[in-house]
Amino acid sequence: MVLCCQVTNVENVKIFQNIIHTTHNTMNQDEKMIEDQVLTLGQPLSDFLLQLEDYTPTIPDAVTTYYLRSSGFEPRDPRLVRLISIAAQKFISDIANDALQHCKMRSTNSSNHGSSKSKQGTKDRRYCLTMEDLTPALAEFGITIKKPHYYV
């Protein structure tokens, strides 16, 4: 599942571009430092970069490259694109996990106030991602969502 959002606030776009620019500059500095230092200091980083080339993230590199280019950043290093894809995957995973926890808490609260269900019935329960659960999960990350008037 890929969650896409469009950043409309000009300040947020500038912050995102600064993060990407800082990450790119830091990566160039790190590469220069690795070349200058002894291999033992850079060994864990080089191992990580080798693992990064073999790992296939959930969010394809083409999707990440598209959104990076649309924000004004031209990625030259495929490892940087892969790293941003993994960071985005972690971000989405954290949001989905928090939304699941909100859903579980809401369902246990409603089952405690309603009829008494057996634990077997709640163990096999399927959960559905709703805006009611997603809104507080995103609020923890500083993202506010408001429903359009025709859905209220």
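Only a predicted model underlies this, so the values are computations on that prediction, with no experimental measurement involved.

### Here we look at the overall build of the chain
So, point 1. Tallying secondary structure elements over the chain gives six helices and zero strands in all.
So, point 2. Along its sequence from the N terminus, the chain presents helices and strands in the succession α-α-α-α-α-α.
So, point 3. Long-range pairs, those at least 24 residues apart, make up 72% of the contacts in the chain with a sequence separation of at least 6.
So, point 4. Here the chain has roughly 11,700 Å² of accessible surface; of this, 57% comes from carbon and sulfur atoms.

### Things to note about the packing of aromatic side chains
So, point 1. As enumerated under the stated definition, the model contains two aromatic pairs in all.
So, point 2. Plain terms: the ring middles of tyrosine 66 and tyrosine 67 are 5.1 Å apart, the flat faces sit at 80° to each other, and that makes the pair edge-to-face.
So, point 3. Residue classification places tyrosine 66 among the exposed positions, given a relative accessible area of 55%.
So, point 4. Considering the side-chain rings of phenylalanine 91 and phenylalanine 141, the 5.3 Å spacing of their centres and the 80° angle between planes classify their relative orientation as edge-to-face. Of this pair, phenylalanine 91 sits in helix 4 (residues 78-113) while phenylalanine 141 sits in the segment after helix 6 (131-139), placing them 50 residues apart in sequence.

### Some remarks on the confidence of the model for the chain
So, point 1. Averaged over all residues, the pLDDT of the chain equals 75, while 63% of them reach at least 70.
So, point 2. At the level of individual helices and strands, the chain shows its lowest average pLDDT in helix 1 (residues 10-36), which scores 54, and its highest in helix 3 (residues 61-70), which scores 95.
So, point 3. The low-confidence segment residues 1-9, where pLDDT is below 50, has four contacts with residues more than four positions distant or belonging to other chains.

### Regarding the environment of arginine 82
So, point 1. Relative to the assigned elements, arginine 82 resides in helix 4.
So, point 2. Separated by 17 residues in the primary sequence, arginine 82 and threonine 65 place their C-alpha atoms 9.3 Å from one another.
So, point 3. Setting aside chain neighbours within four positions, we find arginine 82 in contact with Leu52, Glu53, Tyr55, Pro57 and Asp61.
So, point 4. At 3.3 Å, the side chain of arginine 82 and the backbone oxygen of glutamate 53 are in polar contact.

### Focus: the state of the cysteines
So, point 1. Applying the stated criterion to the full structure yields zero disulfides.
So, point 2. There is no disulfide at cysteine 103, and the cysteine sulfur nearest it, in cysteine 128, is 7.7 Å away.
So, point 3. The class of cysteine 103 is buried, set by a relative accessible area of 6%.
So, point 4. By relative accessible area, which is 55% here, cysteine 128 ends up exposed.

### Let's talk about a nonpolar patch on the surface
So, point 1. A cluster of nonpolar side chains, contributed by Phe91, Phe141 and Ile143, occupies part of the molecular surface with about 230 Å² of accessible area.
So, point 2. For phenylalanine 141, a relative accessible area of 33% gives the class partly exposed.

Cut-offs applied
Residues numbered from 1 in each chain as written. Predicted model: local features only at pLDDT ≥ 70, side-chain atom pairs only at ≥ 80, totals over all residues. Heavy atoms only, no water. Helix = DSSP H or I, 4+ residues; strand = E, 2+ residues; numbered from the N terminus. Contact = heavy atoms within 4.5 Å. Areas by Shrake-Rupley, 256 points an atom, 1.4 Å probe, with all protein chains shown as cover. Phe/Tyr/Trp six-rings, centres within 6.5 Å; stacked < 30°, edge-to-face > 60°. Buried < 20%, exposed > 50% of the residue type's maximum accessible area, 1.4 Å probe, protein only. pLDDT = per-residue confidence, 0-100. Polar contact = N/O pair within 3.5 Å; in protein donor to acceptor, adjacent residues only side chain to side chain. Disulfide = S-S within 2.5 Å. Patch = residues over 30% accessible without salt bridge, like charges linked within 9 Å, V, L, I, M, F, W, Y side chains within 5 Å. Salt bridge = Lys/Arg side-chain N within 4 Å of Asp/Glu carboxyl O.

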